[in-house]
Amino acid sequence: MGDFVNIFIKSAFIENMILAYFLGMCSFLAVSKSLQTAFGLGLAVIFVLGITMPINWLINEFLLVNFEVEFLRFIVFIAVIASMVQLVEMVVEKFSPGLYAALGIFLPLITVNCAILGGSLFMVTREYTLGESVAFGLGGGFGWFLAIIAIAAIRERIRYSAVPPALRGLGMAFLLTGLMGLAFLSLSGIDPAVFGGYTPSK
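Residues numbered from 1 in each chain as written. Predicted model: local features only at pLDDT ≥ 70, side-chain atom pairs only at ≥ 80, totals over all residues. Heavy atoms only, no water.

Peer 1: I keep staring at the packing of helix α6 (residues 114-125) against helix α7 (residues 130-158) and nothing clicks. Help me out?
Peer 2: Helix-helix packing: each pair is described by the crossing angle between the helix axes and the interaxial distance. Here α6 crosses α7 at 150 degrees, and the two axes come no closer than 10 Å. The angle between α6 and α7 falls in the class roughly antiparallel. Relative to α7, the crossing made by α6 is right-handed. The segment α6 lies against α7, with A115, G119, F122 and M123 engaging S133, F136 and W144. Across the contact of α6 with α7, the residue classes tally to 5 nonpolar, 2 polar and no charged. (Axes fitted to C-alpha atoms, helices over the stretch in contact; angles between N-to-C directions. Helix = DSSP H or I, 4+ residues; strand = E, 2+ residues; numbered from the N terminus. Parallel < 35°, antiparallel > 145°, perpendicular 65-115°, else oblique. Left-handed = near helix turned anticlockwise from the far one by under 90°. Contact = heavy atoms within 4.5 Å. Nonpolar A, V, L, I, M, F, W, Y, C, P; charged D, E, K, R; others polar.)

Peer 1: It is not clear to me how the confidence of the model for the protein should be interpreted in this structure. Could you clarify?
Peer 2: Close inspection of predicted coordinates is inappropriate in any region flagged by low pLDDT. Here the protein averages 87 in pLDDT, and 94% of its residues register 70 or above. Across the protein, the secondary-structure element scoring lowest on mean pLDDT is helix α9 (residues 192-196), at 60, and the one scoring highest is α7, at 93. (pLDDT = per-residue confidence, 0-100.)

Peer 1: Hey, could you run me through the packing of aromatic side chains in this one?
Peer 2: Geometrically, a pair of aromatic rings is defined through the distance of the ring centres and the angle of the planes. Summed over the entire model, instances satisfying the criterion amount to 9 aromatic pairs. Between the aromatic rings of F39 and F145, the centroid separation amounts to 5.5 Å while the plane-to-plane angle is 65 degrees, which identifies the pairing as edge-to-face. Separated by 106 residues along the polypeptide, F39 in helix α3 (residues 35-64) and F145 in helix α7 bring together distant segments of the chain. Linked through ring pairs, F8, F13, F39, F142 and F145 together constitute an aromatic cluster. Note that R126 overlies the ring of F122, its terminal NZ or CZ placed 4.7 Å from the centroid. (Phe/Tyr/Trp six-rings, centres within 6.5 Å; stacked < 30°, edge-to-face > 60°. Lys NZ or Arg CZ within 6 Å of the ring centre and 35° of its normal.)

Peer 1: I keep staring at the UniProt feature "transmembrane region" (unreviewed entry) in the protein and nothing clicks. Help me out?
Peer 2: Per the UniProt annotation, the sites labelled "transmembrane region" (unreviewed entry) are residues 12-31, 38-59, 71-92, 99-122, 134-154 and 166-190. Between the C-alpha atoms that bound residues 12-31 the distance is 20 Å, and the span itself is 50% helix and 0% strand. Along residues 99-122 one finds 58% helix and 0% strand; the C-alpha atoms at either end are 31 Å apart. (UniProt positions renumbered as here; feature names shortened; annotations may be inferred.)

Peer 1: Help me out: how do you make sense of the environment of C114 in this one?
Peer 2: Tracing the sequence through the fold places C114 in helix α6. The spacing of C114 and V85 is 29 residues in sequence and 13 Å in space, taken between C-alpha atoms.

Peer 1: Explanation requested: the pattern of salt bridges in the structure shown.
Peer 2: Summed over the entire model, instances satisfying the criterion amount to 2 salt bridges. For E15, the salt bridge goes to K10, with nearest N and O atoms at 3.7 Å. On the basis of relative accessible area, K10 is assigned to the partly exposed category, the value being 35%. Measuring nitrogen to oxygen at the nearest pair gives 3.0 Å for the salt bridge that ties E15 to R126. Pair noted here: E15 is in the loop between α1 (2-14) and α2 (25-31) and R126 is in the loop between α6 and α7, with a separation of 111 residues, a long-range link. Using a relative accessible area of 17% as the deciding quantity, one classes E15 as buried. By sharing partners, the salt bridges in this structure join K10, E15 and R126 into a single network. (Salt bridge = Lys/Arg side-chain N within 4 Å of Asp/Glu carboxyl O. Buried < 20%, exposed > 50% of the residue type's maximum accessible area, 1.4 Å probe, protein only.)

Right under this line is the structure:
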C-alpha cells in the first residue's frame, strides 16, 4: 500500500504532467480561462487517466507482449483512450449540457492530449505493475487537475488587475505556468515515501 501512495504523490506533485513534463498544454491553456470549465475538464482527465492506465496495462501485458506486437502500442493505446473519452463525452452531455457546451471541442480533444498517452507510455517504460499503474494514473490525473484549477483561479483573479497589454491573454498564462512549474520544481527534493508512511527497503 505504501508503494501505491508513494507513486500517487510522486506523480501528482513531484512529476506533475503539466508542470514537470509540460504534457497536455493545449487544453490546459485554452480551458483554464474559467474555473468552472477547468474543474470539469480536470475531473474528466482524472477519470480518463485512471481508467485507461489499467486497461492499457492489461492489453500491453497479455496481448501486445505475449504476441510480440509491441509496435502496435501507440495505435492500441490511443484507441482505448478515444473510447474512454467518448464515454466521458456522452456522460457530460447527458448530465451537464452547460459544461458540455462550455468545454466545446476541448472535451473530445482529450483523446489527443499528450498527458494521457504520455501516462501510458511512462507506465510501460517504468515497468509498473497493475496496481502501480492505477496509482500512477490517478496521481497523474489529480496533479493535472490541481494545475489547471490553480491557473484558472489565478487567471480569473488577474482579470481585474492592471496587466500590461502585451502580457494579457496567453502571454500571462505562459508566465504563470512557468512560475507554477518553478514552484513545483522545489518539490523534487522531497521523498514521497515520507508522506506515504512508507520506508523503502535498502
